[in-house]
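A look at the structure
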Amino acid sequence: MGQDTLIRNVLIPTAQILAVVLILPLLIAYLQLVERKVLGFMQARLAPRRVGWHGLLQPIADAVKLLIKEDVIPEKSDRFLFTLAPIATVIPALAALAVIPFAGAPFTVFGYEVKPFITDVNVALLYLLAISSLGIYGIILGGWASNSKYSLLGALRSSAQMISYEVPLGFAIIGVMMLAGSASMVDIVEAQRKAGVWYVVPQLVGFFCYFIAAIAETNRVPFDLPEAEAELVAGFHTEYSGMKFAFFFLAEYTNMIVVSCIATILFFGGWLRPLPNVESLWWLQNGWLILLPLTLGGFAGWLFGQRTGRGLPPMIAGGGIGAAAGAILAMSDLGGLASLSLPAVSGAFWFFFKVSLFLFMYIWFRGTYPRYRYDQLMALGWKWLIPLSVANVIVTGLAIVVKGAVQGRG
Amino acid sequence: MFRTEEMDINMGPQHPSTHGVLRLVLNLDGEEIVDVRPVIGYLHRGVEKLSEHRTYAMIEPLTDRLDYVAAISENLGYCGAVEKLMGLQVPPRAQSIRVILAELQRIASHLLWLGTHALDLGAMTVFFYTFRERELILDLFEQFCGARLTYNAMRIGGLLEDVPPGWTDRVRHFLSIFPSRQKEYEDLLTVNRIWLGRTQGVGVLSREDAVALGTSGPTLRGSGVDYDVRKSQPYSSYDQFDFDVPLGTKGDTYDRYLVRMEEMRQSCRIIQQALDRLPEGEVRAKVPKYIKPPAGEVYHVVESPRGEQGFYIVSKGSEMPYRMRFRSPSFVNLQALPMMCKGRLIADVVAIIGSIDIVLGDVDR
Amino acid sequence: MGATTRTVEAPRTTGAREILKTFLLLELWVGLWVTLKNQFRPHITVEYPKERVELSPRFRGIPRLRFHPESGEELCIACHLCETVCPDDCIHIVSEKKPDGKGKRLVSFEINLERCCFCGLCVDPCPTKPLTAIYMSHDYEMADFKRDAFVAPLKVLLNGVDPKDYKE
Ligand code: SF4
Ligand code: SF4
């Protein structure tokens, strides 16, 4: 084996995996901060502000706290399973990230071409469904091994919930697979580029089903029954503390990110810019140069606005300043950024932009809705979502057949 | 085959949603409730016994601590009972101010109930909104009497002081912003399908049961029984105000929710009227320096936010009551809990506890 | 007043418009709008040790004693009325005859803040003019590590304690 193949086949994938696995916890820690901020602002309060500027170091402090906290294992628990459960939850969650393409175009590092995804398998969607089912084991084990009634009830609830909602989730995805004719993530996005339209348009019902099922799958409000704190204290992780708790936490947020990524890829064109085939919108390709500072400026203005008690104006001002700075940067071509048309960067920007919108939706729902009851959740899943998603598959199939027939004749 | 077992689960006294230190022993079949046994007494402070060793003036701070989220109503009831015993006539201005305070307190208490009830059902944001508005009322109380929770705001025979300057305008200001805020809670809850699903048909208390169990307040009115102490035995000049008594039809959690929401609107109406025709004059009747009611007994009821709050005093003509007894609405309403919970799911218990709005200080005394 | 009851009812769910509303998840969007709108409202929480809320003039904090505003003498005439009226027996006064024989003066005056319920009843009967000798101050920070610290002696009652400053 030559040195070249070694690098290509071993070193680069390892580096990619490490990058994903190392960056992800940091990302999640900050996602948590954003969640607390957004919830706080929705709730007329300030959210963490003590550690660092506007609490920007809070996630680090939290992580350190979790690391050095005492790791309590209840006396009557099954020690082995109790320890195994968080690991069994977090590994499938992380493994799911292997097939998520973060951008389309490859980029070059030291002359080697690096793809912005760990791998692209042609059964990516099936792999994701399979992997996400595995995560349930950890939850059941955790609830069972804790030997606590609250944990047990929480674990039973979540296993029932996750198994039920996997069905509509799967059916919702089938619609997209039929349109794209592939189960590979990259192919699906390319198919959307060819079609010139995001699949959310032809697959609106599918997207709706997917989105609801995904919220339920990740145990978020309004389907956060497994950890309904008002009823079951903290559900399956009641007895967990320290690092083990952190693992469950990591798994939950990783799942959240993964389902958002899948939604982005399947229904919102992944790394494609809006309207990928309209030539006159070519500047959106470099939109990140303006949009990224705009978002950052808006966010800073938003934080500032909360401080002074005026919400909207500083946010608009911040966004405006950011956009202006971005525009100047783009036009004056400082540092050659604009002419350096980097498809990978642009793609990654659009991808993460869309994912962030999804994550915001999750937080927004959490701030708005009450929680379903267990039987209602089941009823919603079995009586509404499954029929709806099956109908979606049938209608999609019929549409494809009819369209094929028409084209075949014409 | 399978062997199924019923499971006992301890909900409380340390549990996020039993509102204080209520302990419920749930007998479960899966998630279904077979039986509920409330265990109370964790907050028992012996207020009734304590009162026998205190002069009448000293008891009022104790009443603050019965139903600590609606202390004004307790103050009002207690002072009213002693005044009845002594045959004191409270000056009209004091009566009207008492009404304003009591109705503000009703709104504050219902806001606290709404927030925690919604929090129990998972809608966490409503909690912060209601607390934001409750804070405005607490500010008003602080300006009036100096405290934010245990007010000790009244004195036997009237009030200690008149309202501070500008206070009525601030109350009006509150009344002007409150309806739009209440609309927001309603937008978040009243029509929300999840909220409807969680509350409609849950914890049904029939008219007959509600009466038979002696429930009162919104718990009773949610079941459609028209009984409000403010109407049936008016005190503190309530008969001069124009307001409606909201009644439910089905007696479920949702009806109790609607009744309380409407009560807040009616309270605003009462406050508005009281402000518009606030009489001038003294705020405290002539009271002897040492309060020594004549020998005798008295029972006085007021409509606290939770229901019929009664004060029974036996006097032997000394400075201290011979015997004191509080009829606390939460204690009585709590009796309805097992009946409402049977056959429902765990999640419903939380909704039902929320909907009868108990305060453990009031239950245990 | 006439018969005044009002029946509260759930919102209608029948009728074409209502069904359409349900189908479009209208109320869920309205809910989202409410929370979004509130994001731009000013916050109401206060970062406590750094900022403090403004107290109203009648605020009832820790009971304290005060000097005469002009002459600077102690106002209390040791009449023991506040001690008598306090429901929690937390005031403890020791007094002696003044050397000139007229009236009494304080030897010690203690308030046990562990027992005090901040009811303000001790202020009502205080007979001194123009101000009551005992008053409810605006101090409210009383956390401490030792129980002795809660028995406030005369010196503390008169002079108060400096508010603790918050250092980052
Ligand atoms: S405030 Fe009340 S409890 Fe405290 S010293 Fe005065 S009378 Fe006693
Ligand atoms: S009532 Fe006033 S004057 Fe009398 S002892 Fe108390 S503080 Fe002093």
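Above this text sits the structure in question.
Residues numbered from 1 in each chain as written. Chains lettered and ligands numbered in written order. Predicted model: local features only at pLDDT ≥ 70, side-chain atom pairs only at ≥ 80, totals over all residues. Heavy atoms only, no water.

1. Description of the overall build of chain C
A count of helices and strands for chain C gives four helices and six strands. For chain C, buried positions account for 34% of its 168 residues. For chain C, the proportion of contacts with a sequence separation of at least 24, taken over those separated by at least 6, is 67%. Of the accessible surface of chain C, which amounts to about 10600 Å², a share of 57% is contributed by carbon and sulfur atoms. (Helix = DSSP H or I, 4+ residues; strand = E, 2+ residues; numbered from the N terminus. Buried < 20%, exposed > 50% of the residue type's maximum accessible area, 1.4 Å probe, protein only. Contact = heavy atoms within 4.5 Å. Areas by Shrake-Rupley, 256 points an atom, 1.4 Å probe, with all protein chains shown as cover.)

2. So, helix 2 (residues 26–38) of chain C
Residue and element names in this part refer to chain C. If you check helix 2, its first and last C-alpha atoms are 19 Å apart, about what 13 residues at 1.5 Å a residue would give, namely 18 Å. Among all positions of helix 2, only E27, L28, G31, L32, V34, T35 and N38 are buried. End-on, the buried residues of helix 2 take up no more than an arc of 155 degrees, which puts them together on one face. (Expected span 1.5 Å × (residues − 1). Arc of directions from axis to C-beta.)

3. What about the interface of chain A and chain C?
If you look at the interface, chain A gives 23 residues, while chain C gives 21 residues. Interface area lost by chain A to chain C is led by R50(A), W364(A) and Y369(A), which between them contribute 29%. Where chain A meets chain C, there are zero salt bridges. Elements that contribute at least two residues to the side of chain A that touches chain C include exactly helix 1 (3–42), helix 10 (287–308), helix 11 (312–332) and helix 12 (343–368) of chain A. In terms of residue class, the side of chain A that touches chain C is made up of 13 nonpolar, five polar and five charged. (Buried area = accessible area lost by both parts, 1.4 Å probe. Salt bridge = Lys/Arg side-chain N within 4 Å of Asp/Glu carboxyl O. Nonpolar A, V, L, I, M, F, W, Y, C, P; charged D, E, K, R; others polar.)

4. A closer look at the site of ligand 1
By nearness alone, 13 residues border ligand 1, and C86(C), C116(C), C119(C), G120(C) and C122(C) come closest of all. Looking at the shell around ligand 1 residue by residue, the class counts come to eleven nonpolar, one polar and one charged. (Near = heavy atom within 4 Å.)

5. Points about the interface of chain B and chain C
The figure often quoted for interface size is the accessible area lost as the parts come together. The interface is formed by 52 residues belonging to chain B together with 38 residues belonging to chain C. Contact between chain B and chain C buries roughly 3600 Å² in total, counting both sides, with carbon and sulfur atoms accounting for 54%. The residue R54(B) makes a salt bridge to D88(C) at a minimum N-O spacing of 3.2 Å. When contributions to the side of chain B that touches chain C are tallied by element, the ones reaching two or more residues are helix 2 (56–64), helix 5 (124–145), helix 6 (167–188), strand 6 (245–247) and helix 11 (253–276) of chain B. Of the residues assigned to the side of chain B that touches chain C, the class counts are 21 nonpolar, twelve polar and 19 charged. The sheet contact formed by strand 6 of chain B and strand 1 (residues 5–7) of chain C spans three bridges and is parallel. Directly across from L247(B), in strand 1 of chain C, lies its bridge partner T7(C). (Pairing = 2+ DSSP bridges.)

6. Observations concerning the nonpolar core
Counting residues in each nonpolar core, the largest one holds 86 residues, and the members touching the most others are Y78(B) and L104(B). The leading source of residues in this core is helix 4 (residues 92–120) of chain B, at 13 residues. Among all residues touching Y78(B), those that are not within four sequence positions of it are Y56(B), I59(B), E60(B), T63(B), I156(B), F311(B), I313(B) and M324(B). Judged by nonpolar contacts, the second largest core, of 85 residues, contains I28(A), F207(A), Y369(A) and L28(C). (Core = buried A, V, L, I, M, F, W, Y, C linked by side-chain atoms within 4.5 Å.)

7. As for the packing of aromatic side chains
Overall, the coordinates contain 28 aromatic pairs over all chains when judged by the stated rule. Arranged with centres 5.9 Å apart and planes meeting at 65 degrees, the rings of F211(A) and F365(A) form a pair that is edge-to-face. Here the residue F211(A) occupies a position in helix 7 (residues 204–217), and F365(A) occupies one in helix 12, the gap between them amounting to 154 residues. Residue F211(A) is classed as buried on the basis of its relative accessible area of 12%. Seen from their ring centres, F141(B) and Y151(B) are 4.7 Å apart, and the 55 degrees between their planes marks the pair as tilted. One end of the pair, F141(B), is in helix 5; the other, Y151(B), is in the loop between helix 5 and strand 4 (154–155), with ten residues separating them in the sequence. For the pair formed by F141(B) and Y151(B), the shared burial category is buried. Members of the aromatic cluster, joined through ring pairs, are F207(A), Y210(A), F211(A), F267(A), F268(A), F358(A), Y362(A), F365(A) and Y369(A). The ring of W113(B) carries the charged tip of R260(B) above its face, separated from the ring centre by 4.7 Å. Above the plane of the ring of F331(B) lies R365(B), whose end atom (NZ or CZ) is 5.4 Å from the centre. (Phe/Tyr/Trp six-rings, centres within 6.5 Å; stacked < 30°, edge-to-face > 60°. Lys NZ or Arg CZ within 6 Å of the ring centre and 35° of its normal.)

8. Notes on the environment of R269(B)
With respect to the helices and strands, the residue R269(B) is situated in helix 11. The partly exposed category is assigned to R269(B), whose relative accessible area is 28%. Spatially, the C-alpha atoms of R269(B) and R37(B) are 40 Å apart, while their sequence positions differ by 232 residues. If near-sequence neighbours (up to four positions away) are discounted, R269(B) is found in contact with D242(B), F243(B), D244(B) and R6(C).

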